Amino acid sequence: MLWRMAWRNLWRHRARTLTMMSAVALSYALMLIAFGINDDGHGRMLREAAIAAGGDVLVHGKEYWATRASDIVVRDAEAVAAAVAGVEGVRAAVPRVIVNGLASTAADNRPVLLQGVRPELEVELRDIAEDLTAGTFLTGGERSPLVLGARLAARLEAELGDRIVLTGTTPDGEVTRALFHLTGILETGTREIDETFAYTTLEAAQRAFGMAGAATQIGVVAEPGADAEELSARVRAVLAAEGTGQELEVLSWREAVPEMVALIEIDDALGYIFLGVIYAIVLFSITNTFLMAVKERVRELGLLGALGMPGRRIGRLLLRETVLLTALAMAVGLAIGYAGHRIIASVGIDIASMGVEEMEMSGVDFGKMVMYSTIVPARWILGSVIIAVATVASAVYPAWRAARLEPAEAMRFYE
C-alpha cells in the first residue's frame, strides 16, 4: 500500500520529481564517466611508464640505475636473458647496450644516448619503427647502422647514408670512437627522444664499445595481466639460484620510476576529492529539495495524520518515495553514463586538444596521449552503492521532520 502511494505521490508533483531526478541522474552519470576516463588514463600511464623505463622489470648490474655508470654491465648477457626468459609470466627478455656519448659530423657535435637493440625483441615492448619518417629501422643489412631522432639529425645536418662518428666510454674506462652510417630518421614528437636518442643493433654497439657478450640492461616484458612486483621477485629468485657470478639488480618499473607512481597516486587522490564533492552536492541538494517538499506538503501530511496514519508510517512513505526516485534517477544516470563511456571509448579525448601540448615525465609524453574510457566493474558497483546510499540518506531528516508533524497544527498551516 505504501509503495503504491509513494509512486503516485511522485507523479502528483511532476516538476519537483523531475528536478530531483535530474540532479541525481546527472551527478551519477558524471561520476561513471569520470571513473571510465580515470581508469583508462591510469592504465595507459602505467603502460607508457613501463615502456619508457625499458620493461615491466629491469635487470642490470648492481647500482647501475642510480649511477648510470658505463663500467656497470651484465656479463654473459645471453645466458642471463635466457634464464630470465624462462621465468613464469615473462613474454620476452630484451638485452640492450646503452651508451651516453657524443655524435659528430662535419657540421656539429651533439650529446647522444645510444641504444643497441635487437629489433625483433624490442618490438615486444614497443615498435620503434612506427615513428620512422625516412629510411629503415636496422633492417638493411648494414654492419654499423644508425637511426637518429629527427631533431638530432637536423642539428647534425645529417642525411641518410651519411657517416656519423660516435664517441663513448667502454666498460674499461677507455674513450673510443666508432663509425656508423645513418640508415633511418624517426620522429616521436617527444623532444627528449628526438633530440638525443640514437639506435643501432646490439651487435654493432657491442663491437663499437668493447662489450662483447655483455649488455647494459635486460628489459623484461611481462605477459598480459602479470603483476610487475611479483614478476620481479620471481626473476630475482631465478637469477639467485642460477648463480651468475655477478651482482645483478632487479627492479620493477614502479621501483625504477617512483615519480610516475606518485603522480598516479596524486591523481587518484584528486579524483576521490572530486567524487566527494559530487556526493556532497547530491546529498545537500536532495536534502534541501526534500525539506522544501515537506514544507509544501505540510497540510497534505497533516491530513494523513488526521485520518489516522501514524507519524512513523508517514516517514516511511517519504523514504519509499526517495527509494523509487533514486531507482529511476540511477537507471537514467546509468544509461547516460554508459552512453558517454561508449562515445569516449570509441572517439577518445586528445590531451593535446585540451592545451597540454608538451608535458613529459619519466619519458612519458602526456601531450601525445589520447584518453579513452574503460569499465572497471568493482569501481562502478561501489560508486553506484555510494550514490544510492547518499541519496536515500538525504531523505532521512526530512522524513523524520514529517513524522513529527502534529495533525492539528499541520491542518492550520496554510489557513
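Report on the accompanying structure. Fair warning: this is a prediction, and the values are worked out from it, not measured in the lab. Positions within a chain are numbered from 1, following the residues in the order the chain's sequence is written. In view of the model being predicted, local features appear only for residues whose pLDDT reaches at least 70, and side-chain atom pairs are presented and counted only at 80 or more, with totals across whole chains, interfaces and linings using the full set of residues. Hydrogens and waters are ignored; side-chain quantities use all the structure's heavy atoms.

### A word on the overall build of the protein
Put simply, DSSP marks the helices as runs of H or I at least four residues long and the strands as runs of E at least two long, and each gets a number from the N terminus on. What the protein contains, in helices and strands, is 16 helices and 14 strands. Counting all 415 residues of the protein, 46% fall into the buried class. For each residue, the accessible area found with a 1.4 Å probe, counting protein chains only, is set against the maximum for its type, and the residue is called buried under 20%, exposed over 50%, and partly exposed in between.

### Let's talk about the packing of helix H2 (residues 14-53) against helix H14 (residues 377-393)
In a packed pair of helices, the relevant descriptors are the angle between the two axes and the axis-to-axis distance. All axes here are fitted lines through C-alpha atoms, helices being fitted over the stretch that makes contact, and every angle between N-to-C directions spans 0 to 180 degrees. It is at 10 Å that the axes of H2 and H14 come closest, and there the two elements cross at 155 degrees. When the interaxial angle is binned, H2 and H14 end up roughly antiparallel. Every pair of crossing elements has a handedness; the one defined by H2 and H14 is right-handed. From H2, Val-24, Tyr-28, Met-31, Leu-32, Phe-35, Gly-36, Asn-38 and Asp-39 reach across to H14, where they touch Arg-379, Trp-380, Gly-383, Ser-384, Ile-387 and Thr-391. Any residue that is not Ala, Val, Leu, Ile, Met, Phe, Trp, Tyr, Cys, Pro, Asp, Glu, Lys or Arg is counted as polar, Gly included; the first ten are nonpolar and the last four charged. A breakdown of the residues in the contact of H2 with H14 according to their chemical character gives seven nonpolar, five polar and two charged. In this scheme, roughly parallel covers angles under 35 degrees and roughly antiparallel covers those over 145, while 65 to 115 is roughly perpendicular and the rest are oblique. In this scheme, a crossing is called left-handed if the near helix is turned counterclockwise away from the far one by less than a right angle; it is called right-handed if the turn is clockwise. Whether two residues are in contact is decided by their heavy atoms, any of which lying within 4.5 Å being enough.

### A word on unusual backbone geometry
Although it is not a glycine, Leu-138 sits at a positive phi angle of roughly 60 degrees. Residue position: Leu-138 is located in the loop between strand S4 (132-135) and strand S5 (145-149).

### With respect to the pairing of S5
Counting buried positions along S5 yields five of five residues, so the element is predominantly enclosed. A pair of strands is considered paired only if DSSP assigns at least 2 bridges between the two. With five bridges joining them, S5 and strand S7 (residues 175-186) adopt parallel strand pairing. Across the sheet, Pro-145 pairs through a bridge with His-181, a residue of S7. Sheet topology places S5 next to strand S8 (residues 197-201); two bridges connect them, and they run antiparallel. When the bridges of S8 are listed, Leu-148 appears paired with Ala-198.

### Section: the nonpolar core
If you look at the biggest cluster of nonpolar residues, it comprises 27 residues, and the most contacted ones within it are Leu-114, Leu-146, Leu-148, Ile-164, Leu-166 and Phe-180. Put simply, the parts of the chain that give this core at least two residues each are strand S2 (90-104), strand S3 (109-117), S5, helix H6 (150-156), strand S6 (163-169), S7 and helix H8 (202-208). In contact with Leu-114, not counting residues within four places along its chain, are Val-97, Ile-98, Val-99, Leu-146, Leu-166, Ala-198, Tyr-199, Thr-200 and Phe-209. By size, the runner-up hydrophobic cluster in this structure holds 17 residues, among which are Val-87, Val-90, Val-220 and Ala-222. Among buried residues, those of type Ala, Val, Leu, Ile, Met, Phe, Trp, Tyr and Cys that are joined through side-chain atoms within 4.5 Å constitute a nonpolar core.

### Structural notes on the pairing of strand S1 (residues 57-61)
Counting buried positions along S1 yields five of five residues, so the element is predominantly enclosed. Sheet topology places S1 next to strand S9 (residues 217-222); four bridges connect them, and they run antiparallel. Among the inter-strand pairings, Val-59 is bridged to a residue of S9, identified as Ile-218. Note: S1 against strand S10 (residues 248-252), five bridges, orientation antiparallel. Note on S10: the bridge partner recorded for Val-59 is Val-250.

### Some points on the pattern of salt bridges
Think of a salt bridge as a Lys or Arg side-chain nitrogen and an Asp or Glu carboxyl oxygen that are within 4 Å of each other. Tallying each qualifying case throughout the model produces eight salt bridges. Each of the salt bridges in this network shares a partner with another, and the network as a whole consists of Glu-78, Arg-118 and Glu-203.

### A closer look at the environment of Thr-322
Assignment of secondary structure puts Thr-322 in helix H13 (residues 311-347). For Thr-322, a relative accessible area of 0% corresponds to the buried category. For the pair Thr-322 and Thr-17, spaced 305 residues apart in sequence, the C-alpha to C-alpha distance is 9.8 Å.

### Observations concerning helix H9 (residues 228-242)
At 3.6 residues per turn, the α-helix brings residues three or four places apart onto the same side. To estimate how far a helix should extend, the number of its residues minus one is multiplied by 1.5 Å. Between its first and last C-alpha, H9 extends 21 Å over 15 residues, near the 21 Å set by a 1.5 Å rise per residue. Among the residues making up H9, those that are buried are Ala-228, Leu-231, Ser-232, Val-235 and Leu-239. The arc that holds the buried residues of H9, viewed along the axis, is 100 degrees, so those residues lie on one side. Along H9, the residues that are exposed and aim more than 90 degrees away from the buried face are Glu-230, Ala-240 and Ala-241. Close packing links the buried residues of H9 with S1, helix H4 (77-85), S2, S9, S10 and helix H10 (253-256). Nitrogen and oxygen atoms within 3.5 Å of one another constitute a polar contact, given that in protein one can donate a hydrogen and the other can accept it, and given that sequence-neighbouring residues count only through two side-chain atoms. Backbone nitrogen of Glu-229 and a side-chain oxygen of the N-cap are separated by 3.1 Å at the start of H9; the cap is Asp-227. Gly-243 sits one or two positions beyond H9 and adopts a positive phi of about 65 degrees. It is the directions from the helix axis to the C-beta atoms that the arc portrays.

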